Amino acid sequence: MHELSLMENMVEAVEQRIFGQRVALVRLEIGTLAGVATDALRFAFEVCTQKTVLEGATLDIVEIHARARCRACDLEEPVAGFAAPCVCGCFDRELVCGDEIRIKEIEVA
Ligand SMILES: [Zn+2]
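The sections below set out a description of the structure shown in this document.

**So, the sheet that holds strand β2 (residues 58-64)**
- With mixed pairing, 3 strands are arranged side by side in an open sheet as β2-β1-β6. Of all the strands in the sheet, the pair left with one neighbour each is β2 and β6 (101-108). Going across the sheet, the axis of each strand differs from the next one's by a mean of 20°, ignoring polarity.
- As judged from the 7 bridges shared by strand β1 (residues 23-31) and β2, these two strands associate in the parallel manner. Bridging across to β2, leucine 25 finds its partner in threonine 58.

**Here's the deal with the environment of cysteine 86**
- Residue placement: cysteine 86 occurs in the loop between β4 (76-78) and β5 (93-97).
- Overall, cysteine 86 belongs to the buried group, its relative accessible area being 4%.
- Residues cysteine 86 and lysine 104 lie 18 residues apart in sequence; the distance between their C-alpha atoms is 30 Å.
- With near-sequence residues (within four places) excluded, cysteine 86 lies in contact with Cys70, Cys73, Leu75, Glu77 and Arg93.

**Overview of the coordination of the zinc ion**
- Binding of the zinc ion to the protein goes through Cys70 (SG), Cys73 (SG), Cys86 (SG) and Cys88 (SG), at separations of 2.3 to 2.4 Å.
- Taken together, the 4 donor atoms surrounding the zinc ion define angles of 105 to 116° at the centre, an arrangement classified as tetrahedral.
- Donor residues binding the zinc ion come from one chain and are separated in sequence as C-x2-C-x12-C-x1-C. Here cysteine 70 is found in strand β3 (residues 67-70), whereas its partner cysteine 86 is found in the loop between β4 and β5, with 16 residues between them in sequence.
- Given a relative accessible area of 1%, cysteine 70 falls into the buried group.

**Things to note about the nonpolar core**
- Met7, Val23, Leu28 and Leu41 are the most contacted members of the largest nonpolar core, which has 21 residues in total.
- Contacts of leucine 28, omitting those with residues within four sequence positions, involve Met7, Met10, Leu41, Leu59, Asp60, Ile61, Val62, Arg102, Ile103 and Lys104.

**Quick look at unusual backbone geometry**
- A positive phi angle is found at lysine 51, which is not glycine, with a value near 65°.
- Structurally, the position occupied by lysine 51 is in the loop between α2 (38-48) and β2.
- Notably, aspartate 74 is not glycine yet its phi reads approximately 70°, a positive angle.
- Structurally, aspartate 74 is set in the loop between β3 and β4.
- Overall, aspartate 74 belongs to the exposed group, its relative accessible area being 55%.

The rules behind these values
- Throughout, residues of each chain are indexed from 1 in the direction in which the sequence is written.
- Local features in a predicted model are, by the rule used here, given only for residues with pLDDT of at least 70; side-chain atom pairs are given and counted only at 80 or more, and totals for whole chains, interfaces and linings are based on all residues.
- Hydrogens and water molecules were not included; the side-chain quantities draw on all heavy atoms of the structure.
- Here the rule is simple: two strands pair whenever DSSP picks up at least two bridges between them.
- The secondary structure listing takes helices from DSSP runs of H or I that are at least 4 residues long and strands from runs of E that are at least 2 residues long, numbered from the N terminus.
- What counts as an axis is a line fitted to C-alpha atoms, over the stretch in contact for a helix, and the angles between N-to-C directions run from 0 to 180 degrees.
- Each residue is placed in one exposure class: buried if its accessible area under a 1.4 Å probe, protein chains only, is under 20% of its type's maximum, exposed if it is over 50%, and partly exposed if it falls in between.
- Whether two residues are in contact is decided by their heavy atoms: any pair within 4.5 Å suffices.
- Metal donors: N, O and S atoms at distances within 2.8 Å, or within 3.2 Å for Na, K and Ca, with water omitted from the atom set so that some sites may seem incomplete.
- Only two sets of limits are used to name each site, 85 to 135 degrees for every angle of a tetrahedral four-donor site, and over 155 degrees for opposite donors with all other angles from 65 to 115 for a square planar four-donor or octahedral six-donor site, with any other site named irregular.
- Side-chain atoms within 4.5 Å are what join buried Ala, Val, Leu, Ile, Met, Phe, Trp, Tyr and Cys residues into a set we call a nonpolar core.

Worth remembering: the numbers are spatial, not functional.
Have a look at this one:
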């Protein structure tokens with residue numbers, strides 16, 4: 001499972017940043033096009049935080065809705081996927097946000 005290895009890396013990163021302290025809350029920003037399932041992330045968090053300073057911490061997932069900007073007409077709008085064209089018919093759009101997987105905030109207990 002992709003989310004499991006992702007969460008392993010995140011737990012390691014958190015442990016390195018707050019060495020020795022206990023974590024009360026971890027807030028993640030996950031884009032809707034990041035390719036990860038938040039349910040799976042929550043499960044992975046439970047598994048990966050066992051016997052770590054993150055054990056029992058709250059996992060808060062903030063979903064970032066993807067937005068894309070059209071390279072032809074410059075229109076920026078929310079998108080549900082990569083495949084949909086702009087209203088002008090152009091498929092050449094760049095993602096403005098929505099593919100992020102990052103730790104936004106850590107609260108220590
Ligand atoms: Zn357009």
